[in-house]
Amino acid sequence: MPRTITTRDGHRHRGRVLAVGHRHTAVRIHTDLGLAPVLVPLRFIESVDPLQSAARP
């Protein structure tokens, strides 16, 4: 399911959470070139919410 991922600095990204580990989360983020897999440390994620229409890649 598409999600809005908000990082601690307030940036919002549209994407899908692929997996959650002890210290990192694997997500697939929407970019101008398509979908890109990204490994994000959990400490940088503020929240993960259902997709919001105002979110930007």
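Our subject is the structure listed above.
Residues numbered from 1 in each chain as written. Predicted model: local features only at pLDDT ≥ 70, side-chain atom pairs only at ≥ 80, totals over all residues. Heavy atoms only, no water.

**Student:** Whenever I open this one, the sheet that holds strand S3 (residues 24-31) confuses me. Can you help?
**Tutor:** Strand pairing in a sheet relies on backbone hydrogen bonds, with the paired strands running either antiparallel or parallel. If you trace the five strands from one edge of the open sheet to the other, you get S4-S3-S2-S1-S5, paired in antiparallel fashion. The open sheet is flanked by strand S4 (34-41) and strand S5 (45-50), the only strands paired with a single partner. Strand-to-strand twist in this sheet, taken as the mean axis angle between neighbours without regard to direction, amounts to 40°. Of the pairings in the sheet, the one linking strand S1 (residues 3-7) to S5 comprises five bridges and is antiparallel in character. Its bridge partner being in S5, Thr-4 is matched across the sheet by Asp-49. (Pairing = 2+ DSSP bridges. Helix = DSSP H or I, 4+ residues; strand = E, 2+ residues; numbered from the N terminus. Axes fitted to C-alpha atoms, helices over the stretch in contact; angles between N-to-C directions.)

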